[in-house]
Amino acid sequence: MVGGSLAGLSAANWLRASGWDVVVLERSATPLADQGAGIVLHPSTTRLLTERAGIPWTSIGVGVSHLRYLDRSGQVVADRGCRYRFSAYGALYRALRDLFQESGGTFLPGVTVAGARSSEEGAAVVDAAGSEMAAALVVGADGVRSTVRRFVDPTAGAVTAGYVAWRGVADEATLPVEVLQPMVDAITYTILERSHVLTYPIAMGDGSLVRNWVWYRNLRHPDELADILVDRHGVQRDLSVPAGAVRDELVADLVREGTRVLPPQLAALVASTAAPFIQVVTDVFPATLARGRVCLVGDAGFVARPHAAAGTAKAAEEARLLSQALGRPGTDVQRALSRWAGVAEPAARELVARSRLAGERAQVQGTWRIGEPLPFGLRRAGDSEC
Ligand SMILES: Cc1cc2nc3c(=O)[nH]c(=O)nc-3n(C[C@H](O)[C@H](O)[C@H](O)COP(=O)(O)OP(=O)(O)OC[C@H]3O[C@@H](n4cnc5c(N)ncnc54)[C@H](O)[C@@H]3O)c2cc1C
């Protein structure tokens, strides 16, 4: 397994459950930091934890029962019932990593894979120092800039969407009651001119809750992307700038712009966030998910824009289906991978297209209507509700 984040740990756990010996090679030398990112849960995201490990979803998630839209003056202009659940990247990561370690799997931090290969006899990865590790199967779960994808489909790369997600979390205890009022028991949206912003509570996995927000902002000109990805130390980042590393003048501009265009409650939320961070929105559309004995799961394969809130769910479902297709060790791996890809690829293509359409409607066409149901869902809009 190349990559030990949500996709890698999901696949590693499902394969362990089918009896495979699994070694996870993770580039980061330290446990992945809590990126403070909220995750809309889908039944597929929690299935491994709830059904296989008996962990109740309430220990990692929190639910709401309203979808509210605020106008720019801060009035609630639509309020409808919903059943969404939310967690935090860190809560899911820790639960999946603990489960993998309890299962006897091997997690090797600080290993950067430089390439993969496959033959009739077996597969292998080579690390940055040139050492090779052989396996019956290599699963690339190494994210948007996947190294393993270069072996599976060298032509596929990330295509930027023309806008970025500014994100952050704030401690609700620091916010006045009137700011929080329209957000209580709700996921709250505001549709702006060629932009949109949303907020929901997230469970951190230790019993505490924080308030997560995401504001999708179009780039004003093509050069702006490279500029906002230069961090406070002058380092040119790739597709994200983590919490604490965004330049002060960009945060000041975000807060100023928030005061100008957001409802007062959401402007206050953004302004009270200690360390906002940036993720570039991209599409990745590889021709295939498997070549020989090597396959791709999660963002290493297809990447859908976040509007369907199903990237982690896609990774979890691809992982489950992979272990189902492979069955017990000793199977014909190439055959199993091609069977699996025949199911996983069309599902991923549909999700990428649906998420792209939702993003274009909000950020380009301006056709997302106030009050309309959300596009959240893995196989179809609506299937994230539970
Ligand atoms: C704004 C935004 C909101 C989102 N909201 C949701 C949501 O609500 N619900 C949802 O389901 N999904 C959501 N997603 C999507 C979700 O976050 C991703 O799909 C998911 O986290 C991808 O996980 P991954 O493990 O595939 O990739 P990553 O988390 O990127 O992990 C890749 C791992 O591979 C490691 N790695 C990379 N290269 C190498 C190498 N060469 N050798 C070894 N290791 C390597 C990295 O260190 C990393 O640990 C959102 C995404 C964004 C941008």
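One structure accompanies this document, and this report is about it. Residue numbering note: each chain is counted from 1, following its sequence as written. The predicted nature of this model means local features are confined to residues of pLDDT at least 70 and side-chain atom pairs, given and counted, to a pLDDT of 80 or more, with totals for whole chains, interfaces and linings taken over all residues. Calculated side-chain values reflect all of the structure's heavy atoms, with hydrogen atoms and water omitted.

**Brief notes about the overall build of the chain**
Phase 1: Broken down by element type, the chain carries ten helices and 17 strands.
Phase 2: Taking 2.2 N^0.38 as the reference for a compact globule, 386 residues should give roughly 21 Å; the C-alpha atoms of the chain span a radius of gyration of 21 Å, in line with that estimate.
Phase 3: Viewed in the frame of its principal axes, the chain has a C-alpha envelope of about 65 × 45 × 35 Å.
Phase 4: Of all 386 residues assigned to the chain, the portion counted as buried reaches 55%.
Phase 5: All accessibility values rest on the Shrake-Rupley procedure with a 1.4 Å probe; residue burial counts only the protein chains present in the view. For the chain, the accessible surface area stands at approximately 16,000 Å², while carbon and sulfur atoms represent 52% of it.
Phase 6: Within this scheme the basic residues Lys and Arg register as positive and the acidic residues Asp and Glu register as negative, but His and the chain ends are omitted. For this purpose, a charge sits on NZ of Lys, CZ of Arg, CG of Asp or CD of Glu. Of note, the chain has its 40 positive side-chain charges centred 4 Å away from the centre of its 40 negative side-chain charges. Counting from the N terminus, the helices are the DSSP runs of H or I reaching at least four residues and the strands are the DSSP runs of E reaching at least two. All radius of gyration figures rest on C-alpha atoms, and the globule criterion is 2.2 Å times the number of residues raised to 0.38. For every residue, the accessible area obtained with a 1.4 Å probe (protein chains only) is divided by the maximum for its type, and the residue is called buried under 20%, exposed over 50%, and partly exposed between those limits.

**Observations concerning the nonpolar core**
Phase 1: By size, the foremost hydrophobic cluster in this structure holds 99 residues, and its most contacted members are Met1, Phe86, Ile187, Tyr189, Trp340 and Leu374.
Phase 2: Among the elements that take part in this core, helix 10 (residues 333-365) stands out by supplying ten residues, more than any other. Nonpolar cores are built from buried Ala, Val, Leu, Ile, Met, Phe, Trp, Tyr and Cys residues. Side-chain atoms within 4.5 Å join them into one set.

**Topic: the sheet that holds strand 7 (residues 123-127)**
Phase 1: Within the open sheet, the three strands sit side by side as 6-7-8. Their pairing is antiparallel. Each of the sheet's edge strands pairs with one partner strand only, and the pair in question is strand 6 (113-118) and strand 8 (132-135). Shown here is a sheet whose adjacent strand axes are inclined to one another by a mean of 20°, direction ignored. If DSSP finds at least two bridges between two strands, the strands pair. Fitting a line to C-alpha atoms yields each axis, with helices limited to the stretch in contact; the angle taken between N-to-C directions then spans 0 to 180 degrees.

**Description of the pairing of strand 11 (residues 186-192)**
Phase 1: Here strand 11 lies mainly inside the structure; seven of its seven residues are buried.
Phase 2: Taken together, the five bridges between strand 11 and strand 12 (residues 195-203) define a ladder with antiparallel strand orientation. Directly across from leucine 192, in strand 12, lies its bridge partner serine 195.
Phase 3: As consecutive antiparallel partners, strand 11 and strand 12 are separated by two residues, and within that stretch arginine 194 has a phi angle of approximately 50°, a positive value.

**Overview of empty space enclosed by the protein**
Phase 1: Here a cavity denotes a set of grid points, spaced 1 Å apart and computed over the protein atoms alone, in which a 1.4 Å probe fits but from which it cannot get out, and a pocket denotes an open set meeting protein on both sides within 12 Å along at least five of seven lines; residues with an atom within 4 Å of a point are reported as lining. Grid points are joined across faces, edges and corners, and a volume is the space filled by probe spheres set on the points. In this structure the tally under the stated criterion is one cavity of 30 Å³ or more.
Phase 2: One number sums up the size of the largest cavity: a volume of about 60 Å³.
Phase 3: Residue lining of the largest cavity: Ser10, Trp14, Ser44, Thr45, Leu48, Leu92, Leu96, Thr312 and Ala316, and that is the complete set.
Phase 4: Elements supplying a minimum of two residues to the lining of the largest cavity: helix 1 (6-17), helix 2 (43-52), helix 3 (89-102) and helix 9 (311-326).
Phase 5: For the lining of the largest cavity, the residue count by class is five nonpolar, four polar and no charged. Each residue is assigned to one of three groups, with Ala, Val, Leu, Ile, Met, Phe, Trp, Tyr, Cys and Pro labelled nonpolar, Asp, Glu, Lys and Arg labelled charged, and all others, Gly among them, labelled polar.

**Brief notes about the pattern of salt bridges**
Phase 1: Here, a salt bridge means any Lys or Arg side-chain nitrogen found within 4 Å of an Asp or Glu carboxyl oxygen. Across all of its chains, the model carries 27 salt bridges by this definition.
Phase 2: Linking arginine 220 and glutamate 224 is a salt bridge whose minimum nitrogen-to-oxygen distance equals 3.3 Å.
Phase 3: Classification of arginine 220 by relative accessible area gives exposed; the value is 57%.
Phase 4: For glutamate 224, a relative accessible area of 12% corresponds to the buried category.

**Overview of the sheet that holds strand 17 (residues 294-296)**
Phase 1: The strand order 9-17-16 describes an open sheet built from three strands, whose pairing is mixed. Each edge of the sheet is formed by a strand with only one pairing partner; in this case those strands are strand 9 (138-140) and strand 16 (290-291).
Phase 2: Sheet topology note: the strand 16/strand 17 ladder contains two bridges and is antiparallel. When the bridges of strand 17 are listed, alanine 290 appears paired with cysteine 295.
Phase 3: Contact definition: two residues touch when any of their heavy atoms are within 4.5 Å. Docked against the sheet, helix 10 engages strand 16 and strand 17, running at close to 15° with respect to strand 17.

**Focus on the site of the ligand**
Phase 1: Being near a molecule or strand, for a residue, means having at least one of its heavy atoms within 4 Å of it. Close contacts around the ligand come from 29 residues, with Ser5, Ala7, Glu26, Val40 and Thr312 the closest.
Phase 2: What qualifies as a polar contact is a pair of N or O atoms within 3.5 Å, subject to a donor-acceptor requirement within protein and to the restriction that residues adjacent in sequence count only when both atoms come from side chains. Arginine 27 is positioned such that a nitrogen or oxygen atom in its backbone is 3.1 Å from a nitrogen atom of the ligand.
Phase 3: In the model, a nitrogen atom of the ligand is placed 3.2 Å from a nitrogen or oxygen of the glycine 311 main chain.
Phase 4: When isolated, the ligand has an accessible area of 1,000 Å², and the protein chains bury 88% of it.
Phase 5: Of all the secondary structure elements, the ones that give two or more residues to the shell around the ligand are helix 1, strand 1 (23-26), strand 2 (38-41), strand 10 (159-170) and helix 9.
Phase 6: For the shell around the ligand, the element with the most residues is helix 9, which contributes three residues.
Phase 7: A breakdown of the residues in the shell around the ligand according to their chemical character gives 15 nonpolar, nine polar and five charged.
Phase 8: Reported domain spans reflect what an automatic or database domain assignment gives. Looking at which domains feed residues into the shell around the ligand, each of domain 1 (6-58 + 89-158 + 283-365) and domain 2 (68-87 + 161-282) supplies at least three.

**Side note on the packing of helix 9 against helix 10**
Between two packed helices, both the angle of their axes relative to each other and the distance between the axes serve to describe the pair.
Phase 1: Running from N to C, helix 9 and helix 10 cross one another at 155°; their axes reach a closest spacing of 9 Å. Our classification of the angle between helix 9 and helix 10 gives roughly antiparallel. As for the relative orientation of helix 9 and helix 10, their crossing is right-handed in sense. Side by side, helix 9 and helix 10 meet where Lys314, Glu318, Leu321, Leu322, Ala325 and Leu326 of the first sit next to Val333, Ala336, Leu337, Arg339, Trp340, Val343, Ala344, Ala348 and Leu351 of the second.
Phase 2: Residues belonging to the contact of helix 9 with helix 10 are distributed by class as follows: twelve nonpolar, no polar and three charged. Roughly parallel here means an angle under 35 degrees, roughly antiparallel means over 145, roughly perpendicular means 65 to 115, and every remaining angle is called oblique. Rotating anticlockwise by less than a right angle from the far helix to the near helix defines a left-handed crossing, while the corresponding clockwise rotation defines a right-handed one.

**Details of the side chain of arginine 97**
Phase 1: Looking at the element boundaries, arginine 97 is found in helix 3.
Phase 2: Among buried Asp, Glu, Lys and Arg side chains, arginine 97 stands out as unpaired, with aspartate 98 the closest opposite charge at 6.3 Å.
Phase 3: In this structure arginine 97 touches Leu9, Pro31 and Phe107, once residues within four positions along its chain are discounted.

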